[in-house]
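Commentary on secondary and tertiary structure
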Amino acid sequence: MNLANNTVLITGGASGIGLALAERFVKAGSQVIVVGRREDKLREAQAQLPGLHTRVCDVASAADRQALLYWVQTEFAQVNVLVNNAGIQNRLQLAQDTEDWEARRQELIINLEAPIHLTLLFIPHLQQQPNPAIINVTSGLSFAPAAFAPIYSATKAALHSFTLSLRHQLAATPIQVLEIVPPAVNTDLGGAGLHTFGVPVDAFADSVMERLAAGEEEVGYGTSEEIRQAVRQVTDARFQLINNR
Ligand SMILES: NC(=O)c1ccc[n+]([C@@H]2O[C@H](COP(=O)([O-])OP(=O)(O)OC[C@H]3O[C@@H](n4cnc5c(N)ncnc54)[C@H](OP(=O)(O)O)[C@@H]3O)[C@@H](O)[C@H]2O)c1
């Protein structure tokens, strides 16, 4: 994809991977709007990246997602790239943590329902724009789960699956469907200090953006690059067969 001359909407773009992508889109000459729940984090991101636009939105709320589309159509009708990046990760012990269904459900809603709903909401809008794209942020855990985060891993496997179908179905439209598959990256995902074993976010984001700019559709890094490709020969052939391309 061309990294310049876009108007990019990034969910969860005030921190971590989303903010690193925002910085690079801005540097390449695109306008960027970042969305999140915490207004103070959005302000911090704006101070760090002058020219950044922000919007408070809880993607867990279907009404907030609808309102986001309406706001984009009235304030930033030129948005041509949607980045579904917002996500949470909960560690849990399934034998003990059996009670707090609302907390469990939030992970499903934020990581899976929200990107699917936002995709459906934005498809008609994006189809009217030049060089439209949807970028989904999945995970290396889409391909092999981390059992300490069982629901998270399941949502990421599902989002990867949805992204493959989305790309197939939108092939006849101008909308490009791209997927970023991060390995463990050193961000505050799941809570501060839980991902310090991850790769540095800047090195990861530099590599991903370079490869998206070179035209790749699904991009991993390090261990996630290795695992996303490991079973591909068989599963890609099967995908072609099932979907009769
Ligand atoms: N870091 C890793 O190791 C890793 C690996 C694989 C995949 N990923 C994926 O990368 C994406 C970004 O995560 P990150 O590592 O950059 O962690 P992060 O710094 O915690 O970023 C997550 C962002 O999502 C936002 N968010 C969470 N729930 C939201 C909601 N309901 N509505 C709107 N925004 C919401 C958060 O902002 P607010 O709290 O202010 O809303 C935050 O800015 C996630 O999808 C994650 O699953 C990360």
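Everything below is about the structure shown above.
Now for a description of the structure that goes with this document. Keep in mind that what you see is a predicted model, and the values were worked out from it rather than measured. (Residues numbered from 1 in each chain as written. Predicted model: local features only at pLDDT ≥ 70, side-chain atom pairs only at ≥ 80, totals over all residues. Heavy atoms only, no water.)

**Points about the overall build of the protein chain**
If you tally the helices and strands in the protein chain, you get 8 helices and 7 strands. Taking 18 Å as the expected radius of gyration for a compact globule of 245 residues, we find that the protein chain reaches 17 Å, a close match to that expectation. With the principal axes as the frame, the protein chain shows a C-alpha extent of 45 × 45 × 35 Å. Looking at the 245 residues of the protein chain, the share that counts as buried comes to 48%. A separation of at least 24 residues holds for 65% of the contacts in the protein chain among residues at least 6 apart in sequence. Here the protein chain displays about 11,600 Å² of accessible surface, and carbon together with sulfur accounts for 52% of that area. Taking the average location of the 18 positive side-chain charges in the protein chain and that of its 24 negative ones, the two points are 3 Å from each other. (Helix = DSSP H or I, 4+ residues; strand = E, 2+ residues; numbered from the N terminus. Rg over C-alpha atoms; globule rule 2.2 N^0.38 Å. Buried < 20%, exposed > 50% of the residue type's maximum accessible area, 1.4 Å probe, protein only. Contact = heavy atoms within 4.5 Å. Areas by Shrake-Rupley, 256 points an atom, 1.4 Å probe, with all protein chains shown as cover. Lys, Arg positive; Asp, Glu negative; His and termini not counted. Charge placed at Lys NZ, Arg CZ, Asp CG, Glu CD.)

**Examining the packing of helix H4 (residues 101-127) against helix H5 (residues 150-169)**
Two numbers describe a pair of packed helices, the interaxial angle and the distance between the axes. H5 packs onto H4 with a crossing angle of 15 degrees between their chain directions and a minimal axis gap of 8 Å. One element, H4, and the other, H5, form an angle in the roughly parallel class. At the point where H4 passes H5, the crossing takes the right-handed sense. For the pair H4 and H5, contact is made by Arg104, Glu107, Leu108, Asn111, Leu112, Pro115, Ile116, Thr119 and Ile123 and by Ile151, Tyr152, Thr155, Ala158, Leu159, Phe162 and Leu166, respectively. The residue inventory of the contact of H4 with H5, partitioned by class, reads 11 nonpolar, 3 polar and 2 charged. (Axes fitted to C-alpha atoms, helices over the stretch in contact; angles between N-to-C directions. Parallel < 35°, antiparallel > 145°, perpendicular 65-115°, else oblique. Left-handed = near helix turned anticlockwise from the far one by under 90°. Nonpolar A, V, L, I, M, F, W, Y, C, P; charged D, E, K, R; others polar.)

**Let's talk about empty space enclosed by the protein**
In this structure the tally under the stated criterion is 1 cavity of 30 Å³ or more. As for the largest cavity, its lining consists of Asn84, Asn85, Ala86, Ile110, Asn111, Pro115, Val137, Lys156 and Leu159. Within the residue set of the lining of the largest cavity, elements represented by two or more residues are H4 and H5. When residues of the lining of the largest cavity are assigned to their parent elements, the largest contribution, 3 residues, is made by H4. Residues that form the lining of the largest cavity fall into these classes: 5 nonpolar, 3 polar and 1 charged. (1 Å grid on protein atoms, 1.4 Å probe; cavity = no way out; pocket = protein on both sides within 12 Å on 5 of 7 lines; lining within 4 Å. Points joined across faces, edges and corners; volume = space filled by probe spheres on them.)

**As for the environment of Leu166**
One can find Leu166 in helix H5. Judged by relative accessible area, which is 7%, Leu166 ranks as buried. Considering only alpha carbons, one finds Leu166 and Ile134, 32 residues apart in sequence, at a separation of 9.5 Å. If near-sequence neighbours (up to four positions away) are discounted, Leu166 is found in contact with Thr119, Ile123, Ile134, Asn136 and Val177.

**What to know about the site of the ligand**
Near the ligand, the surroundings consist of 29 residues, among which Ile17, Asp58, Asn85, Tyr152 and Thr187 are the closest. Taking Asn85, its main chain carries an N or O atom lying 2.7 Å from an oxygen atom of the ligand. Here the ligand has 870 Å² of accessible area as a free molecule, and 96% of this is covered by the chains. Listed by contribution, the elements that provide at least two residues to the shell around the ligand are helix H1 (16-28) and H5. (Near = heavy atom within 4 Å. Polar contact = N/O pair within 3.5 Å; in protein donor to acceptor, adjacent residues only side chain to side chain.)

**Description of the layout of surface pockets**
In this structure, the largest pocket spans a volume of roughly 1,100 Å³. Along the walls of the largest pocket sit 46 residues, with Asn85, Gly87, Ile88, Thr187 and Leu189 positioned nearest its centre. Secondary structure elements with two or more residues in the lining of the largest pocket: H1, strand S2 (31-36), helix H2 (39-48), H5 and helix H7 (223-230). For the lining of the largest pocket, a count of residues per class yields 22 nonpolar, 18 polar and 6 charged.

**Some thoughts on the nonpolar core**
If you look at the biggest cluster of nonpolar residues, it comprises 32 residues, and the most contacted ones within it are Met1, Ile10, Phe25, Ile135 and Leu212. If you list the elements that add at least two residues to this core, you get strand S1 (7-11), H1, S2, H2, strand S4 (81-84), strand S5 (133-137), strand S6 (176-181) and helix H6 (201-213). Counting residues in each nonpolar core, the second largest holds 30 residues, with Cys57, Val59, Leu121 and Phe162 among its members. (Core = buried A, V, L, I, M, F, W, Y, C linked by side-chain atoms within 4.5 Å.)

**Examining the pattern of salt bridges**
Within the structure shown, the criterion is met by 14 salt bridges. One salt bridge connects Glu39 with Arg43, and the closest N-O pair in it is separated by 3.1 Å. Taken together, the positions of Glu39 and Arg43, both in helix H2 and 4 residues apart, correspond to about one turn of that helix. Between Glu113 and Arg65 there is a salt bridge whose closest N-O contact spans 3.1 Å. Of this pair, Glu113 sits in helix H4 while Arg65 is found in helix H3 (residues 62-75), placing the two residues 48 residues apart along the sequence. Bridged by salt links that share partners, the residues Arg211, Glu216, Glu218, Glu225, Arg228, Arg232 and Asp236 form one connected network. (Salt bridge = Lys/Arg side-chain N within 4 Å of Asp/Glu carboxyl O.)

Note that all results are geometric; they support no functional claim without further evidence.
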